[in-house]
Amino acid sequence: QQQVRQSPQSLTVWEGETAILNCSYEDSTFNYFPWYQQFPGEGPALLISIRSVSDKKEDGRFTIFFNKREKKLSLHITDSQPGDSATYFCAARGGWAGGLSGKLTFGEGTQVTVIS
Amino acid sequence: EAAVTQSPRNKVAVTGGKVTLSCNQTNNHNNMYWYRQDTGHGLRLIHYSYGAGSTEKGDIPDGYKASRPSQENFSLILELATPSQTSVYFCASGELGGRDTQYFGPGTRLLVL
């Protein structure tokens, strides 16, 4: 079963708007949540990450909001730019096995298109 | 900058044939991973390794083998390729602690006819 879920599947925003990507998870042992950005024809690359001890992480125009009680998090992209057009993956890691191996569980991805 | 390379970048194979996908990293990371990416499924872990000589099953290991002959190299082997294994395969190397991230290669697009 899919332990990490993302919504929406795709999202189109105008340049300058805020894009909001959602992610939820089932495993309560997950304690580290990276978001990866992938451009067509390339491998994913780490964009921003958060640990479960925090409820917010900001890096420039990218912010993660984390709600541990509801097992939900979201990625906000403010002042969206055409260069932000990419697929974004939410991932999670935790538990004994995850902490030792670094194993990540990925969501299905959200494809973001920014129109100028 | 971390570097992970994969070969070949594109591969066409026949059903029942043997396919070997190769990955090389110059990051000196202990951990390496093989994923496949399919629409609607995101990235799914096939095999991973803690270091030279070690291979571990990931979430979808059936039909795949892995080999880690050295710190730098990690191969994914399809002994009897099937059309259901048509996908894009990504290799990654990773470090725990520090920046705590996985660095991905550019991917191999495999088509099994």
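Residues numbered from 1 in each chain as written. Chains lettered and ligands numbered in written order. Predicted model: local features only at pLDDT ≥ 70, side-chain atom pairs only at ≥ 80, totals over all residues. Heavy atoms only, no water.

Caption draft 1: Just the sheet that holds strand β1 (residues 4-7) of chain B, in detail. Residues and elements named next belong to chain B. Ordered by their spatial adjacency, four strands build an open sheet running β1-β3-β8-β7, and the pairing between neighbours is antiparallel. Each of the sheet's edge strands pairs with one partner strand only, and the pair in question is β1 and β7 (65-67). Across this sheet, the average inter-strand angle for adjacent strands is 20°, counted without regard to direction. For β7 and strand β8 (residues 73-78), the ladder comprises three bridges, and the chain directions are antiparallel. Within the sheet, the bridge partner assigned to Lys 65 lies in β8 and is Ile 77. (Pairing = 2+ DSSP bridges. Helix = DSSP H or I, 4+ residues; strand = E, 2+ residues; numbered from the N terminus. Axes fitted to C-alpha atoms, helices over the stretch in contact; angles between N-to-C directions.)

Caption draft 2: Here's a closer look at the state of the cysteines. Residues and elements named next belong to chain B. For the structure on display, the rule yields two disulfides over all chains. Residue Cys 23 pairs covalently with Cys 91 via a disulfide, S to S 1.9 Å. In this structure, the disulfide formed by Cys 23 and Cys 91 twists by about -75° around the S-S bond and is classed as left-handed. With Cys 23 in strand β3 (residues 19-25) and Cys 91 in strand β9 (residues 87-94), this pair connects stretches of sequence that are 68 residues apart. Of the residues examined, Cys 91 reaches a relative accessible area of 0% and is grouped as buried. (Disulfide = S-S within 2.5 Å. Buried < 20%, exposed > 50% of the residue type's maximum accessible area, 1.4 Å probe, protein only.)

Caption draft 3: Structural context of the pairing of strand β4 (residues 30-38) of chain A. Residues and elements named next belong to chain A. The buried fraction of β4 is high, at eight of nine residues. The pairing of β4 with strand β5 (residues 45-51) spans six bridges and is classified as antiparallel. The partner of Tyr 36 across the bridge, within β5, is Leu 46. Between β4 and the antiparallel strand that follows it, β5, lie six residues; Gly 41 among them carries a positive phi value of about 80°.

Caption draft 4: Molecular detail of the interface of chain A and chain B. If you look at the interface, chain A gives 21 residues, while chain B gives 22 residues. Between chain A and chain B, roughly 1700 Å² of surface is buried when both sides are summed, and carbon and sulfur atoms account for 50% of that area. Scanning the region where chain A abuts chain B turns up one salt bridge. Between Asp 59 of chain B and Lys 103 of chain A there is a salt bridge, with the nearest N and O atoms lying 4.0 Å from each other. Counting every contact that joins chain A to chain B gives three residue pairs in polar contact (both at pLDDT 80 or more). (Contact = heavy atoms within 4.5 Å. Buried area = accessible area lost by both parts, 1.4 Å probe. Salt bridge = Lys/Arg side-chain N within 4 Å of Asp/Glu carboxyl O. Polar contact = N/O pair within 3.5 Å; in protein donor to acceptor, adjacent residues only side chain to side chain.)

Caption draft 5: Examining the environment of Thr 55 of chain B more closely. Relative to the assigned elements, Thr 55 of chain B resides in the loop between β5 (42-49) and β6 (56-57). Once residues within four sequence positions are removed from consideration, Thr 55 of chain B is found in contact with Tyr 48, Ala 66, Ser 67, Arg 68 and Phe 74 of chain B.

Caption draft 6: A look at the pattern of salt bridges. Residue and element names in this part refer to chain B. Under the definition given, this model contains seven salt bridges over all chains. The partner of Asp 38 in a salt bridge is Arg 44, with the nearest N and O atoms 3.0 Å apart. For Glu 79, the salt bridge is made with Lys 65, and the minimal N-O distance between the two is 3.6 Å. In this pair, Glu 79 sits in the loop between β8 and β9 while Lys 65 sits in strand β7, placing the two residues 14 residues apart along the sequence. Connected through salt bridges with shared partners, the residues Arg 36, Asp 38 and Arg 44 form a single ionic network.

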